[in-house]
Amino acid sequence: MLRITNLKCYYGRIMAVKGVSLSVKKSQIIALIGANGSGKSTLLEAVCGLLPGWEGDIAFEGASLKGCDPTAVVKKGISLVPEGRLIFPPLSVLDNLKLGAYTMYRKREHALVRQTLEKVLELFPILRQRAKQPAGTLSGGEQQMLAIGRALMSHPRLLLLDEPSMGLAPMIVEKIFQILESLRKDGITILLVEQNAQAALQIADHGYVFETGSVVLQGPASELLADQEVKRAYLGKDYGEFYDD
Amino acid sequence: MQEFIQYFFSGITNGAIYAVIAIGFSMLYNSTELINFAHGEFVMLGSMCMITFFGSMHLPLIPAIILAIVCVTAAGLLFERLAIRTVKNPEHIVLIIITVGASIFLRGLGMLIWGKDAFSIPPFSSHPPLDIHGAKLLSQSIWIILIFLLTTVGLQLFYKKTLTGKAMEANAISKRAAWIVGIPSRLMVTLAFGLSATMGAVAGVIIAPVTMCSYDMGTMIGLKGFCAAMLGGLGSLWGALIGGFLLGILEAFGVGFVSSGLKDATAFLLLLFILYVRPGGIISSADVKRF
Ligand SMILES: Nc1ncnc2c1ncn2[C@@H]1O[C@H](COP(=O)(O)OP(=O)(O)O)[C@@H](O)[C@H]1O
Ligand SMILES: [Mg+2]
C-alpha cells in the first residue's frame, strides 16, 4: 500500500533520513521505533508532503507522492496525527473534527462526513460529551483522541501516527492502542511512530528500528520484542514514569 | 446636552469607519502576522471607485457600491498574488516593506487615474437629518452605521458558520495544523488579503460622501485605522470595534470641547498612551486570541 524506497530527507545541508526503504501492506500496523532525533518524524513529514525536496521514492497505492502538497496527500487517503497533536485549541471539539473533514466537504461528500463523524464520536464517546467545549480545555489524553478523531474525519485508508503515547498515563496509552487495533480491524492501515517501543511492538505486525536516520533493524514485531539488541536499547526504559495526565 | 449628543453622533460615525478599517488590519494580521501599510490605499481605491461609478457614471447606488467593492477586492487579491506570493524569501520585514512600497505604488496609480483633484459625491440618499434632542443625525451617518453593522455581522457569520471561514480561522491559529488536515494554507492567506481589501473598500465607499476624496487620502485614514486596531488589540475583532469607536468618540469630543487642532493628534496621542500602559491593546491578543 505504501512503499518507500531509498528515501533521503534534508534540513538544509543536514541529511536527517539517510536512504530508508520500507513497505506497509494493507490492514497492517507497522511500528517505527527509535530514539529521539533518529528521523522518524521527518519520514512522516515527507510522506505527508510537509517536507519538500526529499529524494528517493514514496509510492502510495502504486502512485508516487513526489510533488504532492499536504492537501493532495490528504485527498489521496493519507492522514497524519502529528507529534504534539496540533489541534486547534480555541475552536470547539466539533469544529476541530469538521475541519478534519475539510477535503471531504470540498469533494461534496456531506453524507459521508456525517456518517464518519458519527463513527468517530462512537469510537470516542468523550468527544461527544465535550463537543461544544474549546479543544484547548481537554485533558492531554482527550486531546490525543481528538487529534486521532480529526485525522479519521478525512476518511483515510492509511493513518500515520507520530508518538500518540507521548506524555500520557499508561492506562490512556493502552486505551488508545486498543482503538488503533480496532481501526485496523475496520481496514485502516496504520504506520505508528513510537518511542514507547514495548507498547507499539505489541500491537504491530512488523517493526523498523531507526538510528540516526537509517533503519538498523527490522522484522516481525514479535521477533523484535524478543531481540536482545532491541531490548537493551529501547525496551529497558520505563516510559511510564514520564506523564502529565 | 445638545452639543454633547451632536459630538457623540459625529464620534460614532467616524468610529464606525475606523472600526471597519481596523478590522481589515486585524484580520490580515491574524492570518499572516503582517501589517499591511497599503491598507489605507485600499480605502482610497474604494472611495475613488465610488467617485467614478456613483459620481461620474451615475450608476444606481447599490450596483455602484457592489462594483466598487468587487474592484478593490480584486486589487487586494492581485496584490497578494503579484507582490506577496512571488517573494522568494518571505521574511516578515521584507513583506512589510513590500506593503509600504505597494502603498506608494497605489497612490501613484490613483494619481494617474483620478488626477490630483479632490472629489466628493452626494449622500447615498437625500432624507432630511433626524432630529434627536436638538442634535442632528445625518442620513449618511445612518447609512454608515447600517453598512458597518451589516459588514461586521456578515463577517462574523462568515467566520463562525462557513467552512471556508472556519478554515481561515484554523489557518490563523496554526498554519502547520491547517496544512496537516488538508486546508490549502496559501489559498487561505490569499483570501485573507482579499477580505481585508474588502474591508478597506467598504470603508472607502461609505466615507466618499462625507469627506474630500483624493489619491492621497489613504495615508491619514489608514494610520487612523491602524491606531484603532492597535488601541483595541491587533488581531481581535472586538478589539477593532472597541478601538474604532473609542478613537472616533474621543476625537469628536476633543475637537468639540478642546480644540479642532486636536483632531488628527488624538489618534497618535491615544496610541502612544496605550503603547505605554498596555502594549497589547485593550483586548490583548495574549488574553483573547483571534476573531
Ligand atoms: N525543522 C528542523 N530543522 C533542522 N533540523 C531538524 C528539524 N527537524 C528535525 N531536525 C533534525 O532532524 C533529525 C531527525 O529529527 P526527527 O525526525 O524529529 O526525529 P524523531 O522524530 O525520530 O525524534 C534530528 O537530528 C533533528 O535535530
Ligand atoms: Mg519525532
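Here's what I pulled together on the structure shown here. Please read all numbers here as calculations on a predicted model, not as lab measurements. (Residues numbered from 1 in each chain as written. Chains lettered and ligands numbered in written order. Predicted model: local features only at pLDDT ≥ 70, side-chain atom pairs only at ≥ 80, totals over all residues. Heavy atoms only, no water.)

A word on the overall build of chain B. Helix and strand counts for chain B stand at 11 helices and two strands. Reading chain B from its N end, one meets helices and strands in the order α-α-α-α-β-β-α-α-α-α-α-α-α. Its C-alpha atoms put chain B at 60 × 45 × 35 Å along the principal axes. Counting the 291 residues in chain B, one finds 55% classified as buried. About 12,600 Å² of surface is accessible on chain B, with carbon and sulfur atoms providing 71% of the total. Averaging the coordinates of the 17 positive side-chain charges in chain B and doing the same for the 12 negative ones gives two points 12 Å apart. (Helix = DSSP H or I, 4+ residues; strand = E, 2+ residues; numbered from the N terminus. Buried < 20%, exposed > 50% of the residue type's maximum accessible area, 1.4 Å probe, protein only. Areas by Shrake-Rupley, 256 points an atom, 1.4 Å probe, with all protein chains shown as cover. Lys, Arg positive; Asp, Glu negative; His and termini not counted. Charge placed at Lys NZ, Arg CZ, Asp CG, Glu CD.)

Below, the discussion takes up the interface of chain B and chain A. On the side of chain A, 21 residues touch chain B, which itself brings 18 residues to the contact. When chain B packs against chain A, close to 1,800 Å² is buried across both sides, 73% of that on carbon and sulfur atoms. Of all residues in chain B, the largest losses of buried area upon contact with chain A belong to B:Leu163, B:Ile180 and B:Val181, amounting jointly to 34% of the total for that side. Joining chain B to chain A, the criterion identifies two salt bridges. Across the pair A:Glu45 and B:Arg176 runs a salt bridge whose closest N-O atoms are separated by 2.8 Å. Linking chain B to chain A there are four residue pairs in polar contact (both at pLDDT 80 or more). Elements with a contribution of two residues or more to the side of chain B that touches chain A: helix H6 (163–173) and helix H7 (175–181) of chain B. A per-class count over the side of chain B that touches chain A returns 12 nonpolar, three polar and three charged. (Contact = heavy atoms within 4.5 Å. Buried area = accessible area lost by both parts, 1.4 Å probe. Salt bridge = Lys/Arg side-chain N within 4 Å of Asp/Glu carboxyl O. Polar contact = N/O pair within 3.5 Å; in protein donor to acceptor, adjacent residues only side chain to side chain. Nonpolar A, V, L, I, M, F, W, Y, C, P; charged D, E, K, R; others polar.)

What follows deals with the site of ligand 1. Residues and elements named next belong to chain A. All residues adjacent to ligand 1 are Tyr11, Ala16, Ala35, Asn36, Gly37, Ser38, Gly39, Lys40, Ser41 and Thr42. Tyr11 places a polar side-chain atom, nitrogen or oxygen, 3.4 Å from a nitrogen atom of ligand 1. A distance of 2.9 Å separates an oxygen atom of ligand 1 from a polar atom in the side chain of Lys40. Here ligand 1 has 560 Å² of accessible area as a free molecule, and 58% of this is covered by the chains. Per element, the largest residue contribution to the shell around ligand 1 is three residues, and it comes from helix H1 (residues 40–48). Residue composition of the shell around ligand 1, by class: three nonpolar, six polar and one charged. (Near = heavy atom within 4 Å.)

Below, the discussion takes up the side chain of B:Ser196. Within the element layout of this structure, B:Ser196 appears in helix H8 (residues 185–207). If near-sequence neighbours (up to four positions away) are discounted, B:Ser196 is found in contact with B:Gly24, B:Met27, B:Leu28 and B:His39.

Residue and element names in this part refer to chain A. Across the interface, helix H3 (residues 93–100) lies against helix H7 (residues 140–152) with an axial gap of 7 Å and an inter-helix angle of 35 degrees. Crossing angle aside, the handedness with which H3 passes H7 is right-handed. On the side of H3, the interface is formed by Val93, Asn96, Leu97 and Gly100, while H7 contributes Leu146, Gly149 and Arg150. Across the contact of H3 with H7, the residue classes break down as three nonpolar, three polar and one charged. (Axes fitted to C-alpha atoms, helices over the stretch in contact; angles between N-to-C directions. Left-handed = near helix turned anticlockwise from the far one by under 90°.)

Turning our attention to H1(A). All names here are of chain A. Among the nine residues in H1, nine count as buried, and that is most of the element. Lys40, Ser41, Thr42, Leu43, Leu44, Glu45, Ala46, Val47 and Cys48 are the residues of H1 that are buried. Just past H1, the residue Gly49 takes up positive phi, approximately 80 degrees.

Moving on, we come to helix H5 (residues 139–161) of chain B. All names here are of chain B. A rise of 1.5 Å per residue sets the reference length of H5, with its 23 residues, at 33 Å; its end C-alpha atoms lie 32 Å apart and thus fit the reference within 8%. Every buried residue of H5 is accounted for by Ser139, Gln140, Ser141, Ile144, Ile147, Phe148, Thr151, Thr152, Leu155 and Tyr159. Elements that come into contact with the buried residues of H5 comprise helix H1 (2–32), helix H3 (61–84), strand S2 (135–137), H6, H8 and helix H10 (237–258). (Expected span 1.5 Å × (residues − 1).)

What follows concerns the coordination of the magnesium ion (ligand 2). Residue and element names in this part refer to chain A. Around the magnesium ion (ligand 2), the protein contributes the donor atoms Ser41 (OG) and Glu83 (OE), at 2.0 to 2.7 Å from the metal centre. On the criterion of sequence distance, the pair formed by Ser41 in helix H1 and Glu83 in the loop between strand S6 (78–81) and H3 is long-range, its members being 42 residues apart. In this structure Ser41 comes out as buried when scored by relative accessible area, which is 17%. Judged by relative accessible area, which is 35%, Glu83 ranks as partly exposed. (Donors = N, O, S within 2.8 Å, 3.2 Å for Na, K, Ca; no water.)

Let us now look at the pattern of salt bridges. Applying the stated criterion across every chain, the model contains 13 salt bridges over all chains. Put simply, B:Lys224, B:Glu251, B:Lys263 and B:Asp264 are held in one network by salt bridges that share partners.

Residues and elements named next belong to chain B. Remark: helix H2 (residues 39–56) packs on H8, axes separated minimally by 7 Å, with the N-to-C direction vectors making an angle of 50 degrees. Between H2 and H8, the crossing angle belongs to the class labelled oblique. Helix-helix and strand crossings are classified by hand; for H2 and H8 the assignment is right-handed. Residues His39, Phe42, Val43, Gly46, Ser47 and Met50 of H2 form the contact with H8, whose participating residues are Ser196, Ala197, Gly200, Ala201, Ala203, Gly204, Val205 and Ile207. Tallied by class, residues from the contact of H2 with H8 come to eight nonpolar, six polar and no charged. (Parallel < 35°, antiparallel > 145°, perpendicular 65-115°, else oblique.)

This paragraph deals with the pairing of strand S7 (residues 158–162) of chain A. All names here are of chain A. Within S7, five of the five residues are buried, which leaves the element mostly enclosed by the surrounding structure. Side chains Leu158, Leu160 and Asp162 of S7 all project onto a buried face; the interleaved residues Leu159 and Leu161 project onto the opposite face, where all are buried too. Summarising the sheet, S6 and S7 pair through four bridges and their orientation is parallel. The residue of S7 that forms the bridge with Leu80 is Leu160. As judged from the five bridges shared by S7 and strand S8 (residues 189–194), these two strands associate in the parallel manner. By the bridge assignment for S8, Leu158 is matched with Thr189. What joins S7 to S8 is helix H8 (residues 170–185), and the crossover it makes is right-handed. (Pairing = 2+ DSSP bridges. Right-handed = clockwise from strand over helix to strand, strands pointing away.)

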